[in-house]
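The residues making up each chain are set out below.
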Amino acid sequence: MKGILGRKLGMTQVFTIEGTLIPVTVVEVKPNVVLQKKTVEKDGYEAVQLGYEDVKEQRSNKPAIGHAKKADTAPKHYIREVKGDEMMNFEVGAEIKADLFKAGDIVDVQGVSKGHGYNGTIVRNNAKQGPLTHGGSKNARHIGSLATNGRNNGVVNKGTIMPGEEGKYTTTNQNLTVIKVDAEEGYMLIKGNVPGPRKGLVTIRTTVKPVKEAKVSELISYKGGSVAEELEKVADTVNAELAAEEAEKEKAEKAKKAAASAARKGK
């Protein structure tokens with residue numbers, strides 16, 4: 001088994017030379033850095049710790065900076081472990097690119113599903129509505145009685161469906177086919193949808209299902225260029241949003257420091 005970290009950019013569609021439309025998710029896969037190797041002798045299991053996306057040192061802490069320096073790299077935003085014999089061939093500090101996978105590989109993609117805020121039991125758990133006619137019930141969409149279970153009366157059992165926050169679950173979509181891999185441009189096209197919102201972190205692993213590969217047809221070229229040129233607009237938009245968020249964070253950090261300094265001077 002092998003795996004790599006990436007960031008979901010969005011969905012689009014591509015066509016094969018036979019004219020078949022394939023809906024795909026575009027996943028940006030920048031080089032992953034091996035930060036640490038876990039071994040049976042020292043840790044009790046085998047795994048490789050991957051880091052994704054650099055973080056400025058002033059936004060990190062000393063333990064994270066020291067851990068990254070062992071791999072001769074910058075502190076990372078996301079750190080995940082991937083188990084598998086194939087991953088143990090990489091040494092600490094090695095870079096892993098998108099070409100770890102190839103077109104036709106079948107993968108499982110894990111991410112955090114979209115959050116949907118606070119929802120009632122009907123939306124969140126597909127609960128049944130109460131009676132609506134004759135004004136006999138004022139409990140049409142409410143949860144109803146919770147602790148009327150015979151001798152267990154007065155106790156709310158674990159697992160009882162209730163209102164609450166919906167979404168933001170760690171979710172895995174299995175049996176997805178890799179349609180195209182471009183290590184130079186740093187992206188992968190995966191057939192179908194993957195969990196999470198745009199810009200969400202995803203982990204791509206070899207599927208746990210028995211079939212590991214599938215036949216993939218050749219894709220047609222777009223407007224005298226490659227698929228990467230067609231997807232460049234999507235990537236540029238997302239990168240611009242990330243840059244704007246980074247600028248806002250820096251601005252807020254400077255304002256916070258200025259306010260603290262003014263408070264100290266006031267004392």
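This text goes with the structure placed above it.
Residues numbered from 1 in each chain as written. Predicted model: local features only at pLDDT ≥ 70, side-chain atom pairs only at ≥ 80, totals over all residues. Heavy atoms only, no water.

## Quick look at the overall build of the chain
Part 1 of the argument: Along the backbone of the chain there are four helices and twelve strands.
Part 2 of the argument: Whereas a compact globule of 267 residues would reach a radius of gyration of roughly 18 Å, the chain reaches 24 Å, over 25% beyond that.
Part 3 of the argument: For the chain, the spread of C-alpha atoms along the principal axes amounts to about 75 × 65 × 50 Å.
Part 4 of the argument: Counting all 267 residues of the chain, 35% fall into the buried class.
Part 5 of the argument: Pairs at least 24 apart in sequence give 72% of the contacts found in the chain among residues at least 6 apart.
Part 6 of the argument: Summed over its atoms, the accessible surface of the chain is roughly 16,600 Å², and 50% of this surface lies on carbon and sulfur atoms.
Part 7 of the argument: The chain carries 43 positive and 34 negative side-chain charges, and their two centres are separated by 11 Å. (Helix = DSSP H or I, 4+ residues; strand = E, 2+ residues; numbered from the N terminus. Rg over C-alpha atoms; globule rule 2.2 N^0.38 Å. Buried < 20%, exposed > 50% of the residue type's maximum accessible area, 1.4 Å probe, protein only. Contact = heavy atoms within 4.5 Å. Areas by Shrake-Rupley, 256 points an atom, 1.4 Å probe, with all protein chains shown as cover. Lys, Arg positive; Asp, Glu negative; His and termini not counted. Charge placed at Lys NZ, Arg CZ, Asp CG, Glu CD.)

## A closer look at the pattern of salt bridges
Part 1 of the argument: In total, this model carries 13 salt bridges according to the counting rule given.
Part 2 of the argument: Note that K56 is salt-bridged to E250, the shortest N-O span being 2.3 Å. Linking K56 in the loop between β4 (47-54) and α2 (62-69) with E250 in helix α4 (residues 227-266), this pair joins segments that are 194 residues apart in sequence.
Part 3 of the argument: Under the relative-accessibility criterion, K56 is labelled partly exposed at 36%.
Part 4 of the argument: Among the residues examined, E250 registers a relative accessible area of 28% and is labelled partly exposed.
Part 5 of the argument: Each of the salt bridges in this network shares a partner with another, and the network as a whole consists of R59, E246, E253 and K257. (Salt bridge = Lys/Arg side-chain N within 4 Å of Asp/Glu carboxyl O.)

## Considerations on the environment of V34
Part 1 of the argument: Here V34 is to be found in strand β3 (residues 32-38).
Part 2 of the argument: Its relative accessible area of 0% is what places V34 among the buried residues.
Part 3 of the argument: Residues V34 and A71 lie 37 residues apart in sequence; the distance between their C-alpha atoms is 7.1 Å.

## Section: the side chain of N32
Part 1 of the argument: Counting through the fold element by element, N32 comes out in strand β3.
Part 2 of the argument: Here L5 takes part through its backbone nitrogen, which lies 2.8 Å from a polar atom of the side chain of N32.
Part 3 of the argument: Separated by 2.9 Å, the side chain of N32 and the backbone oxygen of K30 make a polar contact.
Part 4 of the argument: Other than its neighbours up to four places away in sequence, N32 contacts I4, L5, L50, G51, Y52, A94, E95 and I96. (Polar contact = N/O pair within 3.5 Å; in protein donor to acceptor, adjacent residues only side chain to side chain.)

## Some words on the side chain of R7
Part 1 of the argument: Structurally, R7 is set in strand β1 (residues 3-15).
Part 2 of the argument: Exposure remark for R7: the relative accessible area of 5% places this residue in the buried category.
Part 3 of the argument: Within polar-contact distance, the side chain of R7 engages the backbone oxygen of K199 at 2.3 Å.
Part 4 of the argument: Every residue in contact with R7, bar those within four places of it in the chain, is listed here: V26, V27, E28, Y52, E53, Y78, K199, G200, V202 and L242.

## Some words on the nonpolar core
Part 1 of the argument: Counting residues in each nonpolar core, the largest one holds 26 residues, and the members touching the most others are L50, V109 and I204.
Part 2 of the argument: When contributions to this core are tallied by element, the ones reaching two or more residues are β1, β4, β5 (76-82), β7 (106-112), β10 (170-182), β11 (187-191) and β12 (201-206).
Part 3 of the argument: If sequence neighbours within four positions are ignored, I204 has contacts with K2, G3, I4, V27, F101, V107, D108, V109, M188 and I190.
Part 4 of the argument: Residues L9, V24, I179 and L219 belong to the second largest nonpolar core, which totals ten residues. (Core = buried A, V, L, I, M, F, W, Y, C linked by side-chain atoms within 4.5 Å.)

## Regarding the packing of aromatic side chains
Part 1 of the argument: Throughout the structure, instances matching the rule amount to zero aromatic pairs.
Part 2 of the argument: Directly above the aromatic system of F101 lies the positively charged group of K2, at a separation of 5.3 Å from the ring centroid. (Phe/Tyr/Trp six-rings, centres within 6.5 Å; stacked < 30°, edge-to-face > 60°. Lys NZ or Arg CZ within 6 Å of the ring centre and 35° of its normal.)

## Overview of the sheet that holds β5
Part 1 of the argument: In space, the four strands of this open sheet follow the order β5-β4-β3-β6, with antiparallel pairing throughout. Looking at strand neighbours, the two that pair on one side only are β5 and β6 (95-96), the edges of this open sheet.
Part 2 of the argument: In the sheet, β4 pairs with β5 via six bridges, with the strands oriented antiparallel. Bridged to L50 within β5 is R80. (Pairing = 2+ DSSP bridges.)

## A short note on the sheet that holds β11
Picture the strands of a sheet paired through backbone hydrogen bonds; they go either parallel or antiparallel.
Part 1 of the argument: Around the barrel, which closes on itself, the six strands sit in the order β1-β2-β11-β10-β7-β12 with antiparallel pairing between neighbours. Looking at each pair of strands side by side, their axes are set apart by 50° on average, direction ignored.
Part 2 of the argument: Pairing analysis gives eight bridges linking β1 to strand β2 (residues 21-28), with the strands arranged antiparallel. Each residue of the ladder has a partner; that of G10, found in β2, is V26. (Axes fitted to C-alpha atoms, helices over the stretch in contact; angles between N-to-C directions.)

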